[in-house]
Every structure is written in C-alpha cells, then in structure tokens.
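Examining the three-dimensional arrangement
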Protein chains: 2
Amino acid sequence: MVQAKTWILTKHFEGFPKESNFQLKVVDLPEPKDGEVLLEALFLSVDPYMRPFSRVRMKEGDVMIGTQVAKVVQSKNAAFPAGMHVVGRSGWRSHTISDCSDLVPVMPDWPKDVSLSLALGIIGMPGLTALYGLEEVLELKAGETLLVNAAAGAVGSVVGQIAKMKGCKVVGSAGSDAKVAFLKKLGFDETINYKTVGSLEEALRKAAPDGYDCFFENVGGPFSSVAISQMKPFGRIAVCGSISTYNDTDPQTGPFPHMTMIVKQLKMEGFMQSRWEKKNAESLRRLMGWLKQGKLQNREHVTKGFENMPAAFMGMLQGENTGKAIVEV
Amino acid sequence: MVQAKTWILTKHFEGFPKESNFQLKVVDLPEPKDGEVLLEALFLSVDPYMRPFSRVRMKEGDVMIGTQVAKVVQSKNAAFPAGMHVVGRSGWRSHTISDCSDLVPVMPDWPKDVSLSLALGIIGMPGLTALYGLEEVLELKAGETLLVNAAAGAVGSVVGQIAKMKGCKVVGSAGSDAKVAFLKKLGFDETINYKTVGSLEEALRKAAPDGYDCFFENVGGPFSSVAISQMKPFGRIAVCGSISTYNDTDPQTGPFPHMTMIVKQLKMEGFMQSRWEKKNAESLRRLMGWLKQGKLQNREHVTKGFENMPAAFMGMLQGENTGKAIVEV
C-alpha cells in the first residue's frame, strides 16, 4: 500500500502564515480504479496566489492547493500511461490517486537537458501569465516603456525578458541588490531596489522621465499609487498580483486613482492566465523555443524536501526567492 | 465698443469653492479682426469637471474655463456668419472675440421647438459622454445589468436612458427622494437614494443580486469600493467622474481594488468624450433623433443671470440640480 504525505491547512491564515497553519499528515492511498492513475510528485510549486486563494478555494482541514510535476507510477487510464510526466493540480501531496481530469501531460518533446521543474515556471503557469499579460491584456508594442514590479520573481523576470524581445524599454523593481543585479543580467534597461531607493516616485521618474506606456502589476499597495501617477496618457495596467497586500489583516488603503485614470484615460485590467487556456499548447512551445534559443533565461530557487513546503512557501512570500520558487521532493 | 462681463478665478480652490474664489470683471473688447467673430453668450454650462480641471488648465487671474452656446453678432469669418449659433469653449464670458478655432456650429437643422441650451447637455458634451462611455468603453450589450451613480445628473440621466433603450437592466443611485422619483420616471429598473439607504452594500445587492456587468462611475470615493466588490466576473467599469473627491483638501483613501480586479478579471477604464470627437456629428444626430422620438427625456436645472454663475456652479457641485445645470444669460 502506498502512503501519501500531505500538507493540511489546519487554520485559515491570519496575517503572515505561520508554521502552525500547516500540519503534515500521512494517509494510505487505495489502488487506482478504472480511469485513475497513481502519481508521484517530483517538483511542487509554491506561488503567491496560494495565500489569497486559500480563503476562496479552501476550508480548514483541506490539503493545501497547488500544482506539481508528477510521474505516473501506476495507470488504469490509457491516455496517461505509467512513466508519463504530467502537470496536475493535486495540491501539496507526495502521492495522489487522480481521475486525470486535472492532468496535462508535459510537452511530449520536452528536451532532455531541461529540468521538468520548468513546467511549473517559465514553461508553465508563470511563463504563460507573463506572456498573456503582455500580449493579451497590455497588447505591448515595440518601442513602448514597460514597468514591472516583483521583477525578479517567477512572473516578473519573464515579463521583462519577453518585453525586451519585443523591443521595449523595461524598468524593473525588486527588493534586494542581488535581485537588481539579476535583472541587469537579464537585460532590463533600468532597475530599482524599492527597499533602499528613498523616494520611489523620484526613482520611477528618473528611470523613465516621459512616463510609462504599460505597467505589469504584481505588487499592489502603495507602489501602485506611485506607478499609476506616472503612466502616460492612454497607459495600460495589467493587474496580475498584489503580493504586498496578501498578508494584511486590515486592508491597506490608498488614494482613489479615479482622477488620474480619467485625465490620462488609463485602462486597468485584472486577469488570470486560465482565461487563455486554449492557447496554452502553442504558447508553451513558444516559451520553450525562446528558452532553447537563449532568448529567455531561467532561474529557480529550489528547496529540497517535501517536508519543507511550508518554509518554502513562507520564504517566497517574504521575497527570499530570485526566479521561480520550487520544492524538489 | 462692446463690453464683456467675465468671471475670473482669483484664487485656486481649496476644498469646496467659495464666492471669494471668483471675481466679476468687465473688460472692453476690440473690434474683430479678419478671421474673427464677436460672440454673445446665450447659455453657459457649469460642469463638475471645472473643479478638478481648474488646477490643471488654469492659473489664478484666468477667466473660468467652460463651454457656452453663443450667437455670432459680428463676423469677419465667412464660415461663421452673423446670426449663426455656435458651441464654443470661451469660458465664463458674456461676450467674446474668437478666432473661431474652438467653435462648432450648432447642428444646422436644429429643431425650432428644442432649446439651444440642450447643445450643452443631452445634445452636447454630457450626452456624448454618456453615449461613448456606454458604447466605446463599456461596449454594453442587451440583457446586461448596469449600475450608474450620480444618476440624476447631466450624464447619469442619459446613461440610464440609453442603457434602457439597449435592453439592459439599469440600477441608478442619486442623493434625494426627488431625484430617485425622476429616475423612476425615466424608466430605471432599480433606484437607490444613497444618502438615506443605510447600507449601500445591501441596497446594491438587493437591486441586483447576481451582481453588475457594467458600472458607469461618476462619483468615486467609498461608493466605488462598494460597487467594485459587486461586479460580476469580467465586469467592466467606465470611470467618467469622481465628484465625491473633487473638493478634497486631503485625498480620500480606500482599500486597494487589486485582489477583486484579479479574481473577477475586471476592467476599469478612465475616459473623456473628446477621444471620439470624429464621431460627434453623427452621434449628436443620433441623440437628437432619440429626443425627437421621445426615447430620451431631457431635464435641465436653469439658473438665470450671468452674475449667478458662481452660485450655479457651487450648487451643481452640491447636487442641487436634477438633470443638466445651465445658466441662461
């Protein structure tokens, strides 16, 4: 009999997550029935969205939500034979009995020299988020100036690189000198360490004196108020994340952006990459092509050991990672 | 020699405008030169935008900005012969020497039984604002549910009526029982007196339990936070005005809307009707057609006497008007 290690949300988060919000629980798995498979997790993702969505999509006692790259180790489903690698929404589990409804096979011609963990990052949800935010929401054009914050993160670092490929000027903000150095290595035109910069307003103005055509928003909170005030007329804002507010016990407040939005005729749109799911197969091939051509650089922050998932999650929320935060089982 | 009465902004507004912000000044006008005309104001507009734009487009000592319907009384420009009626951006002036660059002739076949003052309202900028906000920004579709605030105002009252013509459910908010009665007369499906309703949140939910597809925003401030939380997935928000914040000395603050915008994938866009100026001639004919067919009802709040312009302006900012606020010289 196979035993699965699982991480349970024992209590909804109040403020910043604590060790006591999580409990490791070992459960016995049944044999897979017809149509089912047994999965073994290889890599698990920890992502910012898990913090706010824990309230929306989970109740206390549930296994933490999340995506993993897994190997089919036993199969009663011909479409998912033993040995296949899949991306699944199994949550924080080492082993899973799945009816396959949430599984997507890893790209069939996945190159041998590329870690499968990238299917959770640059060739996965964060890469697609960056691509769709730029192409579908912002409709970014060559020659435009783009601002992206949390720029050294899983999404932000891809955003900046794709925008450079599209012939844009890219300004990135991140929270340490090491991250800023990483952004420079990726080819960002201007970089800002928002934690040490003094006046964010002045730094943003100096980085792009004529203002910003597009803003890829991952942070929210006070950063957004400063950024919105420096948009050009007809500027577009893609609201992808709001990590600076996820752990608020009382919601942060800021000035209403309405007058700025009217006078500059700004457009602001919230989005999730799942909206363009039908394009995923083609989009993942494009991302993989750019990676293989050296046009996209990948960076991961790997934590080893399933038992360290809560620590990896909390570290990611504190900005410990440069690039994609991954747990390797 | 013709003398012009003008209203000067003596000092920039701090908080709510006061009588002392304005000064009536009489100036002698020269003879019109080649290409110029002498205008006599018949109707002048007082609009919410004048409050925030006074900071952006005026300096102390300038004549107050604004639009008027005027008659050409003397002409040295063949395109604008004596006797023609025009809409011009002359500001708060009884008489003006104009080089004609800002003048638009009133629709040539303007019906005799329709007051020319409507060229400042339902067949003018506010009507166009309503139309473009609904058609160009929101792309409102039949069967959708629309929320509009300041619904008894110059723009809001047209918004609601056009949305009803398009087969939508319309919920309107206004600040008195008399205004709410006016909205009912216009055919609004649900009406809310936001000043007496107790919980705006509950009132909005009761008016549209499934939420709102579209929100035509004229008010801003705390109303916007409540409204945004009740949008349907993929809801659209046209940000037209923010009258509740125009007289702030310290900017009002509210919770950041980012998480709601992400989870519901909302789109919010600020706009000014001038963006679609090329469509104006056709759009004004459409508005006039609806008016003549009885599909659009007009309501004006007329103040008599050029000397009462500051009072009319301040009254409008306090919500004294139902329908369009106009000054008749």
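Just so we're clear, the structure is a prediction, and the values are computed from it rather than from any experiment. (Residues numbered from 1 in each chain as written. Chains lettered and ligands numbered in written order. Predicted model: local features only at pLDDT ≥ 70, side-chain atom pairs only at ≥ 80, totals over all residues.)

Residue and element names in this part refer to chain A. Two elements in contact, helix α2 (residues 125–137) and helix α8 (residues 280–292), have axes whose closest approach is 10 Å; the angle formed by their N-to-C orientations is 100°. The angle between the axes of α2 and α8 places the two elements in the roughly perpendicular class. Between α2 and α8, the residues in contact are Gly 127, Leu 128 and Leu 131 and Asn 280, Ser 283 and Leu 287, respectively. Its residues assigned to classes, the contact of α2 with α8 shows three nonpolar, three polar and no charged. (Axes fitted to C-alpha atoms, helices over the stretch in contact; angles between N-to-C directions. Helix = DSSP H or I, 4+ residues; strand = E, 2+ residues; numbered from the N terminus. Parallel < 35°, antiparallel > 145°, perpendicular 65-115°, else oblique. Contact = placed C-beta atoms within 7 Å. Nonpolar A, V, L, I, M, F, W, Y, C, P; charged D, E, K, R; others polar.)

Residues and elements named next belong to chain A. Here helix α9 (residues 309–317) has its buried residues at Met 309, Pro 310, Ala 312, Phe 313, Met 316 and Leu 317. Down the axis, α9 shows its buried residues gathered within 165° of arc, on one side only. On the buried face of α9, the contacting elements are β1 (3–9), β2 (22–28), β3 (37–45), α1 (50–57), β15 (300–304) and β16 (324–328). One or two steps after α9, the chain reaches Gly 319, where phi turns positive at roughly 85°. (Buried ≥ 20, exposed ≤ 12 C-beta atoms within 10 Å, placed from the backbone. Arc of directions from axis to C-beta.)

In the superposition of chain A on chain B (RMSD 0.0 Å, axial shift 0.0 Å), the rotation amounts to 180°. Put plainly, the chains are arranged around a two-fold axis. Mapped onto chain B, 100% of the interface residues of chain A are again interface residues, and the two copies thus contact each other with one and the same surface. (Least-squares fit on C-alpha atoms with pLDDT ≥ 70 in both.)

Glancing now at the domain arrangement of chain A. Residues and elements named next belong to chain A. The domains assigned to chain A are domain 1 (3–120 + 300–328) and domain 2 (125–274). Taken over C-alpha atoms, the centre of domain 1 sits 29 Å from the centre of domain 2. Among the secondary structure elements, those contributing two or more residues to the side of domain 1 that touches domain 2 are α1 and β16. For the side of domain 1 that touches domain 2, the class distribution of residues is five nonpolar, five polar and three charged. (Domains from an automatic or database assignment.)

Here we come to the interface of chain A and chain B. Every contact between the two is made by 29 residues of chain A and, on the other side, 29 residues of chain B. Looking at the side of chain A that touches chain B, the elements with two or more residues in it are α1, β13 (253–255), α7 (258–263) and β14 (267–270) of chain A. Examining the composition of the side of chain A that touches chain B, we find that five residues originate from one element, α7(A), more than from any other. Classifying every residue of the side of chain A that touches chain B by side-chain character gives 14 nonpolar, eleven polar and four charged. Pairing of β14(A) with strand β14 (residues 267–270) of chain B involves three bridges; the strand directions are antiparallel. Looking at β14(B), one finds that A:Met268 is bridged to B:Met268. (Pairing = 2+ DSSP bridges.)

In this section: unusual backbone geometry. All names here are of chain A. Even without a glycine there, the phi angle at Phe 234 is positive, about 65°. Phe 234 sits in the partly exposed class, given 14 other C-beta atoms within 10 Å. Unlike most non-glycine residues, Gln 265 shows phi in positive territory, near 50°. Mapped onto the secondary structure, Gln 265 falls in the loop between α7 and β14.

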